[in-house]
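Fold and contact review
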Amino acid sequence: MTAGSGRLCSRDNVALAGNYDHILAAVSTGTIRRRLMGSGSSGHQLPPLWLSCAALTAAITAGFGIQRWIDHFVNAPYAEDFRLGYVAAEIGLSRGWSHIYDLDLQRQLAAGFGPVAVITPDHNNVTPPILAWLMAPLTLFPLQTGYLIWTLVSLAALVAAWWLVCPGKGLARVTLLLIAIALYPMHYTFWLGQSGTLSIAGLALTWWFLMRERWGAAGAVLAVTMFLKPQVLLLLPVALLITGRWKPVLCCALVGAVLAVITVVSLGLYGIDAWSRSIAYTAPSPIHTAVTFAYLFGRGPVATAVEVALAAIALALAWYRRDRLDLVFALGIVGTTASAFYFHEYEPAVLILPAWIVLGSRPSVPQRVWLLLGIAAAQFIALGLPIPMLVWEAGWIGWLGLEPWLARRELPLRAAAPQLLGADSGRTPVQPREFSGAGAGTRTPDHSV
């Protein structure tokens, strides 16, 4: 080693020692510790451990569901409900829309798809004709291609609903989307090629218009969504009406009347009679009451009494909390699903929309815990166990009614421990606005989870 290099090493050692002094000072003051924990001021914060774990778990579960869908698409592309709408659209285009519920014609066309495409009480077309109208362009393609296009459109509808309604930002917001995809009812919706995500998108758009006081647009979208799958939102217009929000309900009724006239004209007397016979043919199948109280009590007075009681409680609580549009909207939907007498394993997927809406108002800790339990209840459906979901829906009606009281009880705790309860330090929560009022149309809902 030369003398020059020795002097260089000596200078480097002095500089390095100085850096060590800076490092020790940073450690002693906690600067590095704060940066490692993600609380530095550089803007590159690390997500909390619980959020990272939730995102990873949801991503793995969603990935498993996607792989399962791909296997299904490759090996059994005809064995799903999409085929029923596809066949109905083909019948409508070739034989006339009045024949889409003709069971003999359904069997005739379905036979071309192999033995898995048998028309039975479990699998035949009873959905309103709007679904066949929507699927008509897909008949230009083979069924497998149409199924793929429909799935991509359904995924886009879910993402659009998430974009419009879902609260949060960054990884938290993405995690909520992953959780939605990972839920078994949502997975089963994609598996069967059902229209559930279109209903979710329609409800999200309805909510978006309501928040901006665009009553006509909100009512029109609500009417179309109602005609697509009425069993997931039947009580929502009633909840809006009894809480004084009559303008969107009036628009919904007017657009619904137009759609009803179009439906009657397109079906005619023969089509309406065939539709009623198809419904009667379907009625005895237990698959259509898989997630109703008929599963517990059988279809009889006990199950009906429970369903009517839950609907009445949900509407009563919606009226009682009429100053909170988010709670009214959520109670209208969960009141419908909890009191439904015709409800399948995939249809609880619609509850992801009111969950997102409620999360947007920074709910209380008990409310958040109940939403977490809802994830578990949804996954139990995959095991053929709908009871947890039935109990959870009934319980959520009560928790929604209690939410303002719970939130007020937490106010002192939120001020003392904002990080614990998810509140942003120095930020005032934006309360969900009322239906009407000066400046209501310009207020922005809070998007912190």
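Residues numbered from 1 in each chain as written. Predicted model: local features only at pLDDT ≥ 70, side-chain atom pairs only at ≥ 80, totals over all residues. Heavy atoms only, no water.

1. So, the overall build of the protein
- The helix and strand tally for the protein stands at 20 helices and 0 strands.
- In the protein, buried positions account for 47% of the 449 residues.
- Put simply, 76% of the contacts in the protein that link residues at least 6 apart link residues at least 24 apart.
- Here the protein has roughly 21400 Å² of accessible surface; of this, 70% comes from carbon and sulfur atoms. (Helix = DSSP H or I, 4+ residues; strand = E, 2+ residues; numbered from the N terminus. Buried < 20%, exposed > 50% of the residue type's maximum accessible area, 1.4 Å probe, protein only. Contact = heavy atoms within 4.5 Å. Areas by Shrake-Rupley, 256 points an atom, 1.4 Å probe, with all protein chains shown as cover.)

2. Things to note about the packing of helix α7 (residues 143–165) against helix α9 (residues 184–192)
- Interaxial distance between α7 and α9 falls to 9 Å at its minimum, and their mutual angle equals 150 degrees. Judged by the inter-axis angle, α7 sits roughly antiparallel to α9. Residue-level contacts link Tyr147, Thr151, Ser154, Leu155 and Leu158 of α7 to Met186, Phe190 and Trp191 of α9.
- Per-class residue counts for the contact of α7 with α9 are 6 nonpolar, 2 polar and no charged. (Axes fitted to C-alpha atoms, helices over the stretch in contact; angles between N-to-C directions. Parallel < 35°, antiparallel > 145°, perpendicular 65-115°, else oblique. Nonpolar A, V, L, I, M, F, W, Y, C, P; charged D, E, K, R; others polar.)

3. Looking at the nonpolar core
- In this structure, Met186, Leu203, Phe329, Leu353, Trp356 and Trp396 are the most contacted members of the largest nonpolar core, which totals 101 residues.
- Of all hydrophobic cores here, the second largest spans 6 residues; its members include Ala88, Ala132, Leu267 and Ala274. (Core = buried A, V, L, I, M, F, W, Y, C linked by side-chain atoms within 4.5 Å.)

4. Considering the packing of aromatic side chains
- Under the definition given, this model contains 15 aromatic pairs.
- Pairing tryptophan 69 with tyrosine 147 gives two aromatic rings, centres 5.5 Å apart and planes at 50 degrees, and the pair type is tilted. Here tryptophan 69 is found in helix α3 (residues 49–75), whereas its partner tyrosine 147 is found in helix α7, with 78 residues between them in sequence. Across the pair, exposure class does not vary: tryptophan 69 and tyrosine 147 are buried alike.
- Joined through ring pairs, the aromatic side chains of Trp69, Phe73, Phe82, Tyr86, Tyr147 and Trp150 make up one cluster.
- A cation sits over an aromatic face here: arginine 68 above tryptophan 191, 4.4 Å from the ring centre.
- The side chain of arginine 173 reaches across the aromatic face of tryptophan 162, ending 4.7 Å from its centre. (Phe/Tyr/Trp six-rings, centres within 6.5 Å; stacked < 30°, edge-to-face > 60°. Lys NZ or Arg CZ within 6 Å of the ring centre and 35° of its normal.)

5. Quick notes on the pattern of salt bridges
- As enumerated under the stated definition, the model contains 5 salt bridges in all.
- A salt bridge links glutamate 347 to lysine 229, with the nearest nitrogen and oxygen atoms 3.4 Å apart. Placement of glutamate 347 in the loop between α16 (325–339) and α17 (352–359) and of lysine 229 in the loop between α11 (215–228) and α12 (236–242) is noted, with a sequence separation of 118 residues between them.
- Residue glutamate 307 is joined to arginine 299 by a salt bridge in which the shortest nitrogen-to-oxygen separation is 3.0 Å.
- Judged by its relative accessible area of 4%, glutamate 307 is buried. (Salt bridge = Lys/Arg side-chain N within 4 Å of Asp/Glu carboxyl O.)

6. Quick notes on the state of the cysteines
- Taken as a whole, this structure holds 0 disulfides when the rule is applied.
- Lacking any disulfide linkage, cysteine 252 is separated from the closest cysteine sulfur, that of cysteine 251, by 8.8 Å. (Disulfide = S-S within 2.5 Å.)

7. Quick word on unusual backbone geometry
- Unusually for a residue other than glycine, glutamate 213 sits at a positive phi of about 60 degrees.
- As for its placement among the helices and strands, glutamate 213 is situated in the loop between α10 (196–211) and α11.
- For arginine 362, which is not glycine, the phi torsion reads 55 degrees and is therefore positive.
- Summarising the element assignment, arginine 362 is placed in the loop between α17 and α18 (365–380).

8. Describing α7
- Taking 1.5 Å per residue as the helical rise, α7 with its 23 residues ought to reach 33 Å, and the 33 Å between its terminal C-alpha atoms agrees with that figure.
- Among all positions of α7, only Leu143, Gly146, Tyr147, Trp150, Thr151, Ser154, Ala157, Leu158, Ala161, Trp162 and Val165 are buried. (Expected span 1.5 Å × (residues − 1).)

9. Quick look at the environment of tryptophan 162
- The residue tryptophan 162 is located in helix α7 in this model.
- With 191 residues separating them in the primary sequence, tryptophan 162 and leucine 353 have C-alpha atoms 8.2 Å apart.
- Ignoring anything within four residues of it in the chain, the contact list for tryptophan 162 reads Arg173, Val174, Leu177 and Trp356.

10. Considerations on the packing of α11 against helix α13 (residues 246–282)
- Two elements in contact, α11 and α13, have axes separated by 7 Å at closest approach and are oriented at 45 degrees. As summarised for this structure, α11 and α13 are arranged oblique, according to the angle between their axes. In this structure, the crossing between α11 and α13 has a hand that is right-handed. Residues Trp215, Gly216, Ala218, Gly219, Ala220, Leu222, Ala223, Val224 and Phe227 of α11 pack against Lys247, Pro248, Cys251, Cys252, Val255, Gly256, Leu259, Ala260 and Thr263 of α13.
- Of the residues that constitute the contact of α11 with α13, the class distribution is 13 nonpolar, 4 polar and 1 charged. (Left-handed = near helix turned anticlockwise from the far one by under 90°.)

11. Quick word on a nonpolar patch on the surface
- Together, Tyr295, Leu296, Phe297, Val302, Phe380, Leu383, Leu385, Ile387 and Val391 make up an exposed nonpolar region whose accessible area comes to about 820 Å².
- Looking at the nonpolar patch, the elements with two or more residues in it are α14 (294–297) and α19 (387–416).
- Ranked by residues supplied to the nonpolar patch, first place goes to α14 with 3 residues.
- One can find phenylalanine 380 in helix α18. (Patch = residues over 30% accessible without salt bridge, like charges linked within 9 Å, V, L, I, M, F, W, Y side chains within 5 Å.)

12. Quick look at the side chain of serine 285
- By secondary structure assignment, the location of serine 285 is in the loop between α13 and α14.
- For serine 285, the residues in contact, after removing those within four places along its chain, are Pro121 and Asp122.

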